[in-house]
Amino acid sequence: MLRGLVLDYAGVLTDPDAADLLAAVDALRERGIRTALLSNADGGAGRGGLARHFDAFVFSGEVGIAKPDPRVFRLTAERLGLPVTGCVMVDDSRANVDGATAAGMVGVHHTSVADTLAELSALFPA
């Protein structure tokens, strides 16, 4: 059962329609889905304004492991308190999605907010 949602920052949450995606994240959190932001950034940039949307933050510069290394996806699932197989990773990089699936997550290749929202609706039905 899918109980976790992990989002990339650059390319996903920097999308012009990211507010719609964050609204979906909030709705999923209200249903008990755990959420994390996983970024290859050096550190906590972006953490402040996004803190209310996410249960965990993982920055490659802080943990010393970068996407697409499967270990960073396993670490993120661990920080959410979930098995890696219970998480969905949304990233605009195909290589990062491949890394997530290699670790055991369900991968969603973000190309637009509308397409990602449609995929998330199918993965996390109401």
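You'll find the structure just up there.
Please read these numbers as outputs of a predicted model, since none were measured by experiment. Residue numbers run consecutively from 1 along every chain, following the written order of its sequence. The model is predicted, so local features are restricted to residues of pLDDT at least 70 and side-chain atom pairs to those at 80 or more, both for listing and for counting; the totals for chains, interfaces and linings are taken over all residues. To obtain the side-chain values, all non-hydrogen atoms of the structure were used and water was disregarded.

Observations regarding the overall build of the chain
Counted only if it meets this: Under the DSSP-based scheme used, a helix requires at least four consecutive residues in state H or I and a strand at least two consecutive residues in state E, with every element numbered from the N terminus. When we talk radius of gyration, it's over C-alpha atoms, and the globule rule is simply 2.2 Å times the number of residues to the 0.38. Each residue is assigned to one of three classes by its accessible area relative to the maximum for its type, calculated with a 1.4 Å probe on protein chains only: buried under 20%, partly exposed between the two thresholds, exposed over 50%. Note that accessible areas follow from Shrake-Rupley with a 1.4 Å probe, and for residues the cover is restricted to the protein chains shown. When charges are counted, Lys and Arg contribute as positive and Asp and Glu as negative, whereas His and the chain ends are disregarded. In this description, the location of a charge corresponds to atom NZ of lysine, CZ of arginine, CG of aspartate or CD of glutamate.
Broken down by element type, the chain carries seven helices and five strands. Across the chain, helices and strands are ordered from the amino to the carboxyl terminus as β-α-α-β-α-β-α-α-β-α-β-α. Here the C-alpha radius of gyration of the chain, 13 Å, is about what a compact globule of 126 residues would show, namely 14 Å. The principal-axis extent of the C-alpha atoms belonging to the chain is close to 35 × 30 × 25 Å. Taking all 126 residues of the chain together, 46% fall into the buried category. For the chain, the accessible surface area stands at approximately 5600 Å², while carbon and sulfur atoms represent 52% of it. Of the charged side chains in the chain, 11 are positive and 16 negative; the average position of the first set lies 8 Å away from that of the second.

What about the packing of helix α5 (residues 70-80) against helix α6 (residues 94-103)?
Inclusion rule: For helices, the axis comes from a line fit to the C-alpha atoms of the stretch in contact; other axes are also lines fit to C-alpha atoms, and the angle between any two N-to-C directions lies between 0 and 180 degrees. Handedness of a helix crossing follows the sense of rotation of the near helix relative to the far helix, less than a right angle counterclockwise being left-handed and clockwise being right-handed. Here, residues are in contact when the closest pair of their heavy atoms is within 4.5 Å.
Here α5 crosses α6 at 65°, and the two axes come no closer than 8 Å. Here the hand of the crossing between α5 and α6 comes out right-handed. On the side of α5, the interface is formed by Pro70, Phe73 and Arg74, while α6 contributes Asn96, Gly99, Ala100, Ala102 and Ala103.

Notes on the pattern of salt bridges
Note the following rule: Note on definitions: salt bridges are taken to be side-chain nitrogens of Lys or Arg within 4 Å of carboxyl oxygens of Asp or Glu.
Evaluated as defined, the whole model comprises six salt bridges. Put simply, Lys67 and Asp8 hold a salt bridge, and the shortest N to O gap is 2.6 Å. Placement of the pair is Lys67 in the loop between α4 (60-63) and α5 and Asp8 in the loop between β1 (4-7) and α1 (9-13), with a sequence separation of 59 residues. We note that Lys67, like Asp8, is buried.

Quick look at the sheet that holds strand β5 (residues 106-109)
Quick reminder of the rule: Two strands make a pair as long as DSSP finds a minimum of two bridges between them.
Reading across from one edge, β3-β2-β1-β4-β5 is the order of the five strands in this open sheet, with parallel pairing throughout. Of all the strands in the sheet, the pair left with one neighbour each is β3 (56-59) and β5. This sheet shows a mean twist of 20° between the axes of neighbouring strands, independent of strand direction. Relative to strand β2 (residues 34-39), β1 runs parallel, the two being bridged by four bridges. Within β2, the residue paired with Leu5 across the bridge is Thr35.

Side note on the environment of Thr111
Structurally, Thr111 is set in the loop between β5 and α7 (113-123). By relative accessible area, which is 53% here, Thr111 ends up exposed. A C-alpha to C-alpha distance of 21 Å links Thr111 and Asp69, two positions 42 residues apart in sequence.

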